[in-house]
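Each chain, written out:
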Amino acid sequence: MAVQYIILNIPLLISIVNSVPSQNFEGYVVGGTLAKMQDFPHVALLSVECRTEYERGYYTCGSSIVNQAIVITAAHCLDNCQPKNSFVTIFVGNRQVMKGLPYLASSYKIHEEYDGERAGNDIGLVKLKKELTFAKNVRRVALMRKPPKHDHGRVAGWGFIDAENKISTEYLMQIKQALWSRAECMEEMYDAMDMPKGTICGGDVDGSSHVTEGDSGSGLVVSKFILIGVVSYRISSLSQSLAVYTDVAYFYDWVQNTAKTLYCEN
């Protein structure tokens, strides 16, 4: 069965060095409502600039605060840009685009077995140069090897509010997502298509709200602070509203071990 994977980071610009700043090209969740930052204090905007001798490329993703020095995102948000040629900034504490406190990244790691063709093992960690200061609007998520079962979760992100017409807004948006296990998703929605291991689904089959371009890496949470998923991709030929998330619990050990490695390297 031929399907089209839609990776949900938003390429902002590939052009000559004196390009227009990336903040002119942002976007947000389709069919969502305005999010209060105090309800999503773990959310961080990930801005990536890839540099070569002749050009710069800009794009953004979502991410979630793991602790004072680490944020978690999707591997594909970092895979296209080599660390030595990249400039990564994380913005926290404000729902308006590029208005949060900026923190520069010192390094990052994506999963060693990330598969860009199938979006398998789509997870990565970013280490900050300076540790975050927690406040009312800057908090960490909880990671659990066995998170509690919920029927619904919530995700907030900076993706288009109208993907077809590429319409954006300045503020963080949030939506409620029905939760599907990998097995349920393949059986009920994807006609037994083999989704990558370590994935879950979120969204309603015929719903009008969904994640889209710009939402990659954003966190799917339950109980307001338990991170269970990271936005990976959609398959639009099968559903406009159902999205595939990296299952954070599945990668619990990888996150712990990789975070320790990042600390030791810096």
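Our subject is the structure listed above.
Residues numbered from 1 in each chain as written. Predicted model: local features only at pLDDT ≥ 70, side-chain atom pairs only at ≥ 80, totals over all residues. Heavy atoms only, no water.

As a further point, take the overall build of the protein. If you tally the helices and strands in the protein, you get three helices and 15 strands. By residue count, 55% of the 266 residues in the protein fall in the buried class. When contacts within the protein are restricted to residue pairs at least 6 apart in sequence, long-range pairs at least 24 apart make up 72% of them. As displayed, the protein offers around 12,300 Å² of accessible surface, 48% of which is attributable to carbon and sulfur atoms. (Helix = DSSP H or I, 4+ residues; strand = E, 2+ residues; numbered from the N terminus. Buried < 20%, exposed > 50% of the residue type's maximum accessible area, 1.4 Å probe, protein only. Contact = heavy atoms within 4.5 Å. Areas by Shrake-Rupley, 256 points an atom, 1.4 Å probe, with all protein chains shown as cover.)

Under the defined criterion, the tally for this structure stands at one aromatic pair. Plain terms: the ring middles of Tyr 250 and Phe 251 are 4.9 Å apart, the flat faces sit at 70° to each other, and that makes the pair edge-to-face. Residue classification places Tyr 250 among the partly exposed residues on the basis of a relative accessible area of 49%. Since its relative accessible area comes to 4%, Phe 251 is described here as buried. (Phe/Tyr/Trp six-rings, centres within 6.5 Å; stacked < 30°, edge-to-face > 60°.)

With that settled, the discussion passes to the layout of surface pockets. The volume enclosed by the largest pocket comes to roughly 400 Å³. As for the largest pocket, its lining consists of 15 residues, of which Lys 149, His 150, Leu 179, Ile 200 and Ile 228 are closest to the centre. Going through the elements one at a time, β11 (173-180) and β12 (199-202) are the ones with two or more residues in the lining of the largest pocket. Class assignment of the residues belonging to the lining of the largest pocket gives a composition of nine nonpolar, two polar and four charged. (1 Å grid on protein atoms, 1.4 Å probe; cavity = no way out; pocket = protein on both sides within 12 Å on 5 of 7 lines; lining within 4 Å. Points joined across faces, edges and corners; volume = space filled by probe spheres on them. Nonpolar A, V, L, I, M, F, W, Y, C, P; charged D, E, K, R; others polar.)

Here we take up the environment of Asn 121. Tracing the backbone through its elements, the reader meets Asn 121 in the loop between β8 (101-110) and β9 (124-128). Given a relative accessible area of 17%, Asn 121 falls into the buried group. Distance in space between the C-alpha atoms of Asn 121 and Ala 74 is 8.8 Å, their sequence separation being 47 residues. Ignoring any residue separated from it by four or fewer positions in sequence, one finds Asn 121 in contact with Ala 75, His 111, Glu 113, Tyr 114 and Phe 251.

The next subject is the state of the cysteines. If you walk through the whole model with that rule in mind, you get two disulfides. The disulfide that involves Cys 61 links it to Cys 77, with 2.1 Å between the sulfurs. Here the disulfide of Cys 61 and Cys 77 is left-handed, its torsion about the S-S bond being about -95°. Of the two residues, Cys 61 sits in strand β5 (residues 55-65) while Cys 77 sits in helix α1 (residues 76-79), which places them 16 residues apart along the sequence. Per residue, the accessibility class of Cys 61 equals that of Cys 77, and both read buried. Disulfide pairing places Cys 185 opposite Cys 201 at an S-S distance of 1.9 Å. On the sign convention where negative is left-handed, the bridge of Cys 185 and Cys 201, at about -95° about the S-S bond, is left-handed. Placement of Cys 185 in helix α2 (residues 182-189) and of Cys 201 in strand β12 is noted, with a sequence separation of 16 residues between them. Take Cys 201: its relative accessible area is 0%, and that puts it in the buried class. (Disulfide = S-S within 2.5 Å.)

Relative to the helices and strands, Arg 51 is located in strand β4 (residues 43-51). Residue classification places Arg 51 among the partly exposed residues on the basis of a relative accessible area of 37%. A C-alpha to C-alpha distance of 6.0 Å links Arg 51 and Ser 86, two positions 35 residues apart in sequence.

Here Asp 122 is to be found in the loop between β8 and β9. A C-alpha to C-alpha distance of 9.0 Å links Asp 122 and Thr 199, two positions 77 residues apart in sequence. Not counting residues within four places of it along the chain, the set of residues in contact with Asp 122 comprises Thr 73, Ala 74, Ala 75, His 76, Tyr 114, Ser 232 and Thr 246.

Burial runs high along β9: five of the five residues are buried. Two strands pair when backbone bridges link them, and strand β6 (residues 70-73) and β9 are joined in this way by four bridges, in the antiparallel orientation. In the strand pairing of β9, Val 71 is matched with Val 126. For β8 and β9, the ladder comprises five bridges, and the chain directions are antiparallel. Along β9, the bridge assignment pairs Tyr 108 with Val 126. (Pairing = 2+ DSSP bridges.)

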